[in-house]
Amino acid sequence: MTTEQTEFEAKVKASLDESVLTLDKETQQALTSIRQQVLEKQPQKSRLNFNTWDFNAWISNTWVPVGAFALCALLTVLIVYSPDNIDDLTQRMAVQQNVNHDQYEQIAMLELLTNPEDLETTSDPDFYVWMDEILATEDIDNAV
Amino acid sequence: MPMERDFDKQYLSMNHFLADIEGRAFRMAQIATGNRDDALEIVQDTMMKLVQKYSHHQTSEWKALFYSILNSRILDWHRRQSVRNRFRSWLNWSDDEDEAVEDALAQHPIDTSHEPDIKLQDSQFMAGLNTALSALPLRQQQVFLLRVWEGLDINETALIMQCSASSVKTHYARALEKLRGKLEDYQ
């Protein structure tokens with residue numbers, strides 16, 4: 001830094017210091033009031049920070065929310081996986097499976113009708129000749 | 001009780017620290033915001049956070065912590081103002097289509113109603129300094145005030161501003177150049 005810069009900075013600093021000293025009374029009072037409020041409002045917090053062990057505050061600040069969350073989670077698990085609900089679920093799955101089994105043949109028929117390749121096969125006379133041969137072979141096997 | 005005595009000692013230390021720093025903090029906030037009430041609110045928030053969160057730290061750390069919180073609060077204020085100004089300019093778009101959106105810093109004229117009484121011989125310099133400081137970009141303004149007014153070194157300033165030492169040097173050099181240019185006539 002040059003001397004000129006140092007002088008300039010010193011002048012700036014002096015001017016800024018002066019501006020604080022000449023703050024209006026209203027602002028000075030407001031600042032004092034704010035400081036007192038801040039210091040007076042926080043004695044409990046401050047005591048806690050000064051390595052003073054406040055068991056009740058620790059319990060209420062830490063374990064009450066954690067305990068409440070754990071209880072809610074436990075209740076949710078119990079409700080969802082209760083024996084009644086599991087039976088209902090199993091029943092519903094079984095019914096669904098039966099419905100699927102009954103509908104399976106209908107769906108297969110529908111697929112046969114909607115599939116053009118399968119329709120070509122069923123309209124071919126050689127297909128029926130081949131089917132007769134297969135059935136005849138099966139009859140012979142059954143008779144044996 | 002030893003703990004009670006410790007608490008009283010801490011209380012008095014904090015009271016002394018805040019009493020010493022509150023005027024400069026207020027002026028910094030006022031220069032940054034251009035508004036007395038907003039400056040008082042920022043100082044209050046800063047004091048509150050320091051007392052709530054950091055009063056158990058070493059006394060020697062309080063200054064850096066205080067200015068770190070103060071600068072953060074001032075930055076938040078500017079962000080909020082920036083959003084408000086964009087919204088306002090959007091609402092007034094049809095009325096003032098050609099009006100450019102100015103920098104948030106330039107949009108807040110200094111509230112002169114609560115300026116300190118200027119009784120010094122170089123009152124013009126003080127008035128010019130206020131205007132010139134207010135016109136600086138926020139980072140330059142903060143770095144300059146911390147370095148010149150608080151006398152913090154480059155590393156301390158970098159820590160408070162959460163930037164590199166080279167950034168502090170750059171901001172400081174630019175701020176100094178601008179201020180010297182604007183205050184030439186008053187010297």
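Cut-off values and rules
- Residues numbered from 1 in each chain as written.
- Chains lettered and ligands numbered in written order.
- Predicted model: local features only at pLDDT ≥ 70, side-chain atom pairs only at ≥ 80, totals over all residues.
- Core = buried A, V, L, I, M, F, W, Y, C linked by C-beta atoms within 7 Å.
- Buried ≥ 20, exposed ≤ 12 C-beta atoms within 10 Å, placed from the backbone.
- Helix = DSSP H or I, 4+ residues; strand = E, 2+ residues; numbered from the N terminus.
- Contact = placed C-beta atoms within 7 Å.
- Expected span 1.5 Å × (residues − 1).
- pLDDT = per-residue confidence, 0-100.
- Axes fitted to C-alpha atoms, helices over the stretch in contact; angles between N-to-C directions.
- Parallel < 35°, antiparallel > 145°, perpendicular 65-115°, else oblique.
- Left-handed = near helix turned anticlockwise from the far one by under 90°.
- Nonpolar A, V, L, I, M, F, W, Y, C, P; charged D, E, K, R; others polar.

Visitor: So what's going on with the nonpolar core? Which residues, and what values?
Guide: Residues and elements named next belong to chain B. Counting 45 residues, the largest nonpolar core has A29, V43 and L70 as the members making the most contacts within it. If one sorts the elements of this core by residue count, helix α1 (residues 2–33) sits on top with 9 residues. Setting aside residues up to four positions removed in sequence, A29 forms contacts with A39, I42, V43, L70 and I74.

Visitor: Summarise helix α2 (residues 36–54) of chain B; cite the residues concerned and give the values.
Guide: For α2(B), built from 19 residues, the straight-helix expectation of 27 Å at 1.5 Å per residue is met to within 8% by its first-to-last C-alpha distance of 26 Å. For α2(B), the complete set of buried residues consists of B:R36, B:D38, B:A39, B:L40, B:I42, B:V43, B:T46, B:M47, B:L50 and B:V51.

Visitor: Pulling in residues and values, what's your account of the confidence of the model for chain B?
Guide: Low pLDDT marks regions whose predicted coordinates should not be analysed in detail. Residues and elements named next belong to chain B. On average, residues of chain B score 83 in pLDDT, and 79% of them reach the 70 mark or higher. Per-element confidence in chain B ranges from a low mean pLDDT of 85 for α1 to a high of 94 for helix α5 (residues 138–149). Overall, residues 97–102 carries pLDDT values under 50, and its contacts beyond four positions in sequence, including any with other chains, amount to 2 contacts. Taken together, the chains of this predicted complex give a pTM of 0.59 and an interface ipTM of 0.77.

Visitor: Can you explain the packing of helix α2 (residues 25–41) of chain A against α2(B)? Please cite residues and give values.
Guide: In contact at an axis separation of 9 Å, α2(A) and α2(B) are set at 25° when each is read in the N-to-C sense. With respect to their mutual orientation, α2(A) and α2(B) come out roughly parallel. Where α2(A) crosses over α2(B), the handedness of that crossing is right-handed. In this structure, α2(A) contributes A:T27, A:A30, A:L31, A:I34, A:R35, A:V38 and A:L39 to the contact, and α2(B) contributes B:R36, B:L40, B:V43, B:Q44, B:M47, B:M48 and B:V51. When grouped by side-chain class, the residues that make up the contact of α2(A) with α2(B) number 10 nonpolar, 2 polar and 2 charged.

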